[in-house]
Amino acid sequence: MVHFPTEISMLSNYSNTNNSFFVKRDDLFAFSFGGNKARKGLHFWKEMINEQADAVVTYGSSSSNHCRVIASIASQERMECYVISPQSASEPTYNSQLVELCGANNIVVPVTEVSHTIDTLLKDLKASGKRPYFIPGGGHGKWGTQAYVDCFNEIVSYEAQHNVQFDYIFHASGTGTTQAGLVVGKLLNHHGVQIVGISIARKNPYGAQVVKDSIHEYLDEYDYDVSDEAIENAIIFDDSYVCAGYGYACPEIVATSVKVYRETALALDTTYTAKAWYGMEEYLKIHSITNKNILFIHTGGTPLFFTELAQLHI
Ligand SMILES: *Cc1c(COP(=O)(O)O)cnc(C)c1O
């Protein structure tokens, strides 16, 4: 059994611009090294069981934390697992090794053939009498959003219990599902916190649009009435720190990972959380934000930190 809430701890030794820093340790819970893909994955797991699936199909690169989590769920359930990966990002990592360890079938195709490959595979599995369950890349969709509505509610409970109010939340934003869930949580709680998603790959306007679409999809599903204007105002998707795109880290991102580990013992990988941390520091500087309570959500990715550590040579 996994127990939530995840811990929120104050970083008393980390000083920057006179703000108080807190970290929500979504990288630490008792399932597959934690992380946002594990938090999302638990919801998909439940639905797979409800639907009596006997095979699971998903998509992601060799760096994907999501694929590691889904392969682990499938292996625990003794379900067949198929991971479709784009050729362009297939260098082995500890995540891809863990996918392999769980016995998943990894199908590597050119990125342009991914969606066709998934369709054909799902059709073939059904034709052979299987009940495949499909999970979009990154755990995108209603359950992914739900996972971070839950997370936001944990934050609200923490504030009440510890008599603290967060002014800003920062986190790494990829498919936008984590951000969509947090923003939905903020809107439904009428909370004043500013949520800043630091993009790890996508540029605007597309990046922010996908977050918005996910929010609408969730609110429509449950018949919540929130104005377009309120939704629009609640989305800050900052695309200034993507470097050359997904998986590419500029030198300052690598330096951030090293610095933050030395100063706080937090393990930040350069694909996701170190980009978000660097983006957070820059955002605070650029907007002259001081004397605020800042919450960083550590969205996990610990195996990637170790893959990179092996390549750092320091
Ligand atoms: C996938 C991932 C993200 C981005 O989450 P989205 O919901 O796709 O925006 C952030 N951090 C880590 C460690 C991830 O694996």
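Residues numbered from 1 in each chain as written. Predicted model: local features only at pLDDT ≥ 70, side-chain atom pairs only at ≥ 80, totals over all residues. Heavy atoms only, no water.

S.K.: Just give me the short version of the packing of aromatic side chains, but keep the residues and values in it.
M.R.: Under the criterion given, the structure shown has 14 aromatic pairs. A centroid spacing of 5.2 Å and a plane angle of 80° characterise the contact between Tyr-14 and Trp-277, whose relative ring orientation is edge-to-face. Placement of Tyr-14 in the loop between strand 1 (8–10) and strand 2 (20–25) and of Trp-277 in helix 10 (residues 273–286) is noted, with a sequence separation of 263 residues between them. A residue is classified by how much of its surface remains accessible, and Tyr-14, at 3% relative accessible area, is buried. Given a relative accessible area of 0%, Trp-277 falls into the buried group. Where Phe-22 meets Phe-166, the ring centres are 5.1 Å apart and the plane angle is 75°; that geometry is what we call edge-to-face. With a gap of 144 residues between them, Phe-22 in strand 2 and Phe-166 in the loop between helix 5 (142–162) and strand 7 (168–173) connect regions that are remote in the sequence. No difference in accessibility class separates Phe-22 from Phe-166, as the two residues are buried. (Phe/Tyr/Trp six-rings, centres within 6.5 Å; stacked < 30°, edge-to-face > 60°. Helix = DSSP H or I, 4+ residues; strand = E, 2+ residues; numbered from the N terminus. Buried < 20%, exposed > 50% of the residue type's maximum accessible area, 1.4 Å probe, protein only.)

S.K.: Any details on the pattern of salt bridges? Residues and values, ideally.
M.R.: Counted according to the given criterion, the structure contains nine salt bridges. Ionic pairing is found between Asp-27 and Arg-25, a salt bridge with its closest N-O pair at 2.9 Å. Across this residue pair, the class does not change: Asp-27 and Arg-25 are buried. A salt bridge links Glu-221 to Lys-142; its shortest N-O distance comes to 3.4 Å. With a gap of 79 residues between them, Glu-221 in helix 7 (residues 206–221) and Lys-142 in helix 5 connect regions that are remote in the sequence. Note on Glu-221: relative accessible area 46%, which makes it partly exposed. Using a relative accessible area of 25% as the deciding quantity, one classes Lys-142 as partly exposed. (Salt bridge = Lys/Arg side-chain N within 4 Å of Asp/Glu carboxyl O.)

S.K.: Can you lay out the side chain of Thr-271 for me, pointing to particular residues and giving the numbers?
M.R.: Summarising the element assignment, Thr-271 is placed in the loop between helix 9 (251–264) and helix 10. In this structure Thr-271 comes out as buried when scored by relative accessible area, which is 5%. In this structure, Thr-271 is in contact with Ile-200, Tyr-246, Gly-247, Leu-304 and Glu-308, ignoring residues within four places of it in sequence. (Contact = heavy atoms within 4.5 Å.)

S.K.: Account for the sheet that holds strand 7, naming residues and giving values.
M.R.: The strand order 1-2-10-7-8-9 describes an open sheet built from six strands, whose pairing is mixed. Two strands close off the open sheet at either side, each with one partner strand: strand 1 and strand 9 (236–238). Between one strand axis and the next, the sheet turns by 25° as a mean value, whatever way the strands run. In this sheet, strand 2 lies alongside strand 1 in antiparallel orientation, the contact comprising three bridges. Residue pairing in the sheet places Ser-9 in a bridge with Val-23 of strand 2. Along the sheet, helix 6 (residues 177–189) makes contact with strand 7, strand 8 (194–199), strand 9 and strand 10 (293–298), crossing strand 8 at roughly 175°. (Pairing = 2+ DSSP bridges. Axes fitted to C-alpha atoms, helices over the stretch in contact; angles between N-to-C directions.)

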